[in-house]
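Fold and contact review
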Amino acid sequence: MNAEVESEEDDAVNRDTSATIKTDKLLVTVPPHIWQGESTQQIMLWVIGSLLPVALYSVWVFRFHALMVIALSIATCVATEAGYQKLQKLPVTVNDFSAALTGLLFALVLPPMVPWWIVIIGGFIAIMLGKQVFGGLGYNIFNPALVGRAVLVLSWAQHMTRDWYLPLVSGQGFKLLGLTVKLDALTSATPLYALKQVREGLLQGVQPSMFYRSLLFSNPGGCIGEVSAFLLLVGAVVLLWKKIIDWRIPVCYMGTVAVLTFISGEDVVFYLLAGGLILGAFFMATDYVTACITKRGKIIYGIGLGATTVLLRFYSRLPEAVMVAILFMNCWAPLIDKYTRPKIYGAVKT
Amino acid sequence: MNEARLKIFGGGTHPPGYKEPTSGKPIEDISLPPEIIIPLTQHIGGPNKSLVVPGDRVLEGQKIGETETFCSAPVHASVSGTVKAVEHRPHFLGIKMPSVAIVPDQEQSRSRMEISSKEPGPEEIRKLVKEAGLVGLGGAAFPTHVKLSPPKEGSIDTVIINGCECESFLTCDYRLMLEEATSLVDGASLIMRTLGAERVFIGIEDNKPEALKHLGDLVSGLNNVDVIALPTKYPQGAERLLVYSLLGREVPSRCFPMDVGVVVQNVGTTVAVSKAVREGRALTERVITVSGSAIREPKNLRVKIGTSLDHILEACGGFLEEPKKLIVGGPMTGFAQFDLSVPIVKGTSGVLALTENEVSSAPLNQTPCIRCARCVDHCPIHLMPNYYYIYGGIGEWEMMDSFNVMDCIECGTCSFVCPARIPHVQYIRLGKARIVAKARK
């Protein structure tokens, strides 16, 4: 075979044609031979990029605190992934940027004043327990960033639920970047928690509509990524426009929350803007690896997320509705996919 | 024309067209190569046996290989000359196949089939088509006369002429539609008459407005032939999807378009039907597109079946730069080559020399599947190719079968859109082969 190939080449040389090439340099693969050109790396970078507005803004609002959490979280996640893969003698794949994205997402679901060592522990858990134990990118069942957060909430609840940048203080309200929110009662929590206290009769004089502007543009009582719903939505629009995320999961998720909130007689706008819903719906529930992949599955998945979130928000004492809802629905994603396989072309019987 | 009625298939994708380099180039003839290599079997079906031995003198159009099997097509000498060898020669599938090597002579004497009547009936058309060795020229190379012989007389109502040419780079069908439109329409009506069908639809993607207009004007006087513009979307030219787009009929799994009353013929095949029936010409030449950024002068060429790649590349001025991939066929479904002595066969629609840039190192830099669902969203058959990667990787052929891998048309859309650059088609072909092998046991 080899000799023959060589003799063919010799023939070609003898004929002195410009068609002469070294055939052993030709790449031989199955088709297709062309490719659309958007790689895993690029997708990860687009998601990171779409989170940059809110991340940069949080650094401006929360100053050094947010910067420290974000930088430390990304560094921990990337280092954990690289370190583990080195130890296991696996190819180091941090250049696919998925660990960096996990780090960024994880930072965005942490309170800005959280101590540095919590960030490191959480980042390590997110990558190790959330991702690597399952086999790395593409094989994890649960959203790694939320696994990290879940472990922290169970272990250091006092930090995870109180280390907000500015406590909401009665009488004084708070003033941030020119926005003033006046509160008449004493509390020290997030807007969502304040409203929960209102529902339970522990707090009076707080209206959901008081929080609209701060939730949209500068929310001090929440995680880093919850600082501005508006900037999260800007990033979400970019991802939708670039077709990096499918509209079905976030729209069904938000839609279900809106409908059920409305039925419950609560303030729809507030409950859409508050808490981790927007961050969760557009950036975490849409995580490819842990979400449904069929079109019908995505709709069911989104509705399930919305129902779980509303149920937890109104009937649970835990302040972790979105996180629990996403982790809970992650469990169901494979099963939903199994029963929503698309009807194939030609499946009809004659 | 009937756009409102169209029910375009779901999924699919939009690869860059790359048609500009050759779409304006009229079909050219090229010189005879020093040697012609005719693979004995160039169709889907039973293998042919050689009718000649080394030393025999053959005429252009003389039958040199055939078999008794119904689903088969004979092969003919594409030049007159002397048989040099009957042996295994390199083939575009990457293996060596039984072939007849012929050294062309100076006279180039022809042999033509006998035409008994000016307006032949269905039986005679079928016979001529079979004797001419016609197969689908779009690439699949299914024997044409089989498609013209429905199991039940009168069960076919529609003939579709496939002028989609949805593969990037290729313009040979486009040029045929412009340059041989009369033969095309004649071939279409011959096919319609053979099948007793009521109408012909010529489906053309709307990125070929000149072809649409030219053919549209030509058939404007005929009331049972319609030229229909289809949205440009890969793989519009896949037979099953074309039937759906034009008629809203789904070809059932493991059936043929014939089972839903449709016969689809490629543009090149239809022209060849006319030439076989009117002029008694066997299929000894075809039109191909030679293109890709590594080609010095991209062209549409009329070549003798059996012409080697290096002769064709020479006719196009050779390479501008070293190609990364040399492909026989289109970029989405064609076959990568490593040997320039491989001959053109009946089903070859193009020769592409792609640069590193164009192939964008497709099989390299693979990452694990990130379950982005693009393959699921784009699959025109609505399969879930990501599972073929999972189950194919661990040899779970039954699971691949349960995910309907046998229904895959191997259009390559899944790999084309895959950000992880997973070679889905490779897993699919492997799985199909294993499932078929198992069923045979």
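All values derive from a computational prediction rather than experimental measurement. (Residues numbered from 1 in each chain as written. Chains lettered and ligands numbered in written order. Predicted model: local features only at pLDDT ≥ 70, side-chain atom pairs only at ≥ 80, totals over all residues.)

Tallying secondary structure elements over chain A gives 15 helices and two strands in all. A separation threshold of at least 6 residues defines the contact pool for chain A, and within that pool the share at least 24 residues apart is 71%. (Helix = DSSP H or I, 4+ residues; strand = E, 2+ residues; numbered from the N terminus. Contact = placed C-beta atoms within 7 Å.)

Moving on: the overall build of chain B. Of regular secondary structure, chain B possesses 15 helices and 17 strands. Computed over the C-alpha atoms, the radius of gyration of chain B is 21 Å, within 12% of the 22 Å expected from 2.2 N^0.38 for a compact globule of 441 residues. In terms of overall dimensions, chain B has C-alpha extents of about 60 × 50 × 50 Å along its principal axes. Per-residue burial for chain B yields a buried fraction of 59% across its 441 residues. Excluding contacts between residues fewer than 6 apart, the proportion of contacts in chain B whose partners are at least 24 apart in sequence is 72%. (Rg over C-alpha atoms; globule rule 2.2 N^0.38 Å. Buried ≥ 20, exposed ≤ 12 C-beta atoms within 10 Å, placed from the backbone.)

What follows is about the environment of Met97(B). Residues and elements named next belong to chain B. Mapped onto the elements of the fold, Met-97 is located in strand β8 (residues 96–104). Note on Met-97: 18 C-beta atoms within 10 Å, which makes it partly exposed. Residues Met-97 and Thr-41, spaced 56 residues apart in sequence, show a C-alpha to C-alpha distance of 8.4 Å. Non-local contacts of Met-97, meaning those with residues more than four positions away in its chain, are made with Pro-39, His-88, Arg-89 and His-91.

Below, the discussion takes up the interface of chain A and chain B. Taken together, the 43 residues of chain A in the interface contact 65 residues of chain B. Broken down by secondary-structure element, the contributors of at least two residues to the side of chain A that touches chain B are α1 (2–15) and α2 (40–62) of chain A. Looking at the side of chain A that touches chain B, the element that brings in the most residues is α1(A), giving three residues. Taken together, the residues of the side of chain A that touches chain B break down into 22 nonpolar, 14 polar and seven charged. (Nonpolar A, V, L, I, M, F, W, Y, C, P; charged D, E, K, R; others polar.)

Looking now at the nonpolar core. In terms of nonpolar packing, the biggest core is built from 239 residues, with Leu104(A), Leu108(A), Ile326(A), Val159(B), Ala188(B), Ile202(B) and Ile312(B) touching the most fellow members. Beyond its immediate chain neighbours, meaning those up to four positions away, Leu108(A) contacts Leu51(A), Ala55(A), Cys223(A), Ile224(A), Gly225(A) and Leu279(A). (Core = buried A, V, L, I, M, F, W, Y, C linked by C-beta atoms within 7 Å.)

To continue, consider the pairing of strand β11 (residues 225–230) of chain B. Successive residues of a regular strand alternate their side chains across the two faces of the sheet. Residues and elements named next belong to chain B. The element β11 is largely enclosed, with a buried count of five among its six residues. Relative to β11, strand β10 (residues 199–205) runs parallel, the two being bridged by six bridges. Bridging from a neighbouring strand, Phe-201 pairs with Asp-226 of β11. Crossover β10 to β11 through helix α6 (residues 209–218) is right-handed. (Pairing = 2+ DSSP bridges. Right-handed = clockwise from strand over helix to strand, strands pointing away.)

A few words now on the sheet that holds strand β17 (residues 350–354) of chain B. All names here are of chain B. Spatial ordering of the open sheet is given by β1-β14-β13-β17-β15-β16, a layout of six strands whose pairing is mixed. Lying at the two open borders of the sheet, with one neighbouring strand each, are β1 (28–29) and β16 (335–337). Here strand β15 (residues 325–328) pairs with β17 via four bridges, running antiparallel. Bridging across to β17, Leu-326 finds its partner in Ala-353. Where helix α4 (residues 172–179) meets the sheet, its contacts fall on β13 (285–291), β14 (299–304) and β17, and the angle it forms with β13 comes to roughly 125°. (Axes fitted to C-alpha atoms, helices over the stretch in contact; angles between N-to-C directions.)

All right, on to the domain arrangement of chain B then. Residues and elements named next belong to chain B. According to the domain assignment, chain B contains domain 1 (3–23 + 115–279) and domain 2 (374–440). Taken over C-alpha atoms, the centre of domain 1 sits 28 Å from the centre of domain 2. In this assembly, 12 residues from domain 1 lie in contact with 11 residues from domain 2. When its residues are assigned to classes, the side of domain 1 that touches domain 2 shows six nonpolar, five polar and one charged. (Domains from an automatic or database assignment.)

Residues and elements named next belong to chain B. Taken in spatial order, the four strands make up an open sheet running β2-β8-β7-β4, and their pairing is antiparallel. The sheet terminates laterally at β2 (36–39) and β4 (57–58), the two strands that pair on one side only. Here two bridges tie β4 to strand β7 (residues 81–90), and the two strands are oriented antiparallel to one another. Across the sheet, residue Arg-57 finds its bridge partner in β7, namely Thr-82.

Looking along the chain, the bond that leaves Pro31(A) and enters Pro32(A) is cis, with omega of -5°. Within the element layout of this structure, Pro32(A) appears in the loop between α1 and α2. The omega torsion of the bond from Tyr234(B) to Pro235(B) falls at -5°, within 30 degrees of zero and hence cis. Relative to the elements of secondary structure, Pro235(B) occurs in the loop between β11 and α7 (239–247). Despite not being glycine, Gln108(B) shows a phi value in the positive range, around 55°. For Gln108(B), the location among the structural elements is in the loop between β8 and α2 (122–131). Phi at Arg371(B) takes a positive value of approximately 55°, unusual for a residue other than glycine. Mapped onto the secondary structure, Arg371(B) falls in the loop between α10 (356–359) and α11 (374–378).

Our next topic: helix α6 (residues 144–155) of chain A. Along an α-helix, residues three or four positions apart point the same way, because every turn accommodates 3.6 residues. Residues and elements named next belong to chain A. End to end, α6 covers 17 Å across 12 residues, agreeing with the expected 16 Å (1.5 Å per residue, within 8%). Among the 12 residues of α6, nine are classified as buried, and the element is accordingly described as predominantly covered. Among all positions of α6, only Pro-144, Ala-145, Leu-146, Val-147, Gly-148, Arg-149, Ala-150, Leu-152 and Val-153 are buried. If you follow the buried residues of α6, they end up packed against α4 (98–108), α5 (116–128), α7 (157–160), α13 (277–284) and α15 (321–339). (Expected span 1.5 Å × (residues − 1).)

Here we come to the domain arrangement of chain A. Residues and elements named next belong to chain A. Each domain of chain A was delimited in the assignment, giving domain 1 (41–160), domain 2 (166–221) and domain 3 (245–334). Taken together, the contact between domain 2 and domain 3 spans 11 residues of the former and seven residues of the latter. Within the residue set of the side of domain 2 that touches domain 3, elements represented by two or more residues are α8 (191–199) and α9 (212–217). If you tally residues by element for the side of domain 2 that touches domain 3, the top one is α8, at four residues. Considering only residue class, the side of domain 2 that touches domain 3 consists of nine nonpolar, two polar and no charged.

Where the model shows low pLDDT, its predicted coordinates should not be examined in detail. Averaged over all residues, the pLDDT of chain B equals 92, while 98% of them reach at least 70. Reported confidences for the modelled complex are a pTM of 0.89 and an ipTM of 0.90. (pLDDT = per-residue confidence, 0-100.)

Time to look at the confidence of the model for chain A. All names here are of chain A. When pLDDT is averaged along chain A, the result is 86; 86% of the residues meet or exceed 70. Ignoring residues within four places in sequence, the model shows residues 1–18, a span with pLDDT below 50, making 17 contacts including any to other chains. In the model, residues 167–173 has pLDDT below 50 throughout and makes 19 contacts with residues more than four positions away in sequence or in other chains.

A few words on the packing of α2(B) against helix α5 (residues 181–195) of chain B. Residues and elements named next belong to chain B. Where α2 contacts α5, the two axes come as close as 8 Å, and the packing angle between them is 120°. Taken together, the axes of α2 and α5 are oblique relative to one another. For the crossing formed where α2 meets α5, the hand is left-handed. Contact with α2, carried on its side by Pro-122, Ile-125 and Arg-126, involves Leu-190, Arg-193 and Thr-194 of α5 and no other residues of that element. Its residues placed into classes, the contact of α2 with α5 shows three nonpolar, one polar and two charged. (Parallel < 35°, antiparallel > 145°, perpendicular 65-115°, else oblique. Left-handed = near helix turned anticlockwise from the far one by under 90°.)

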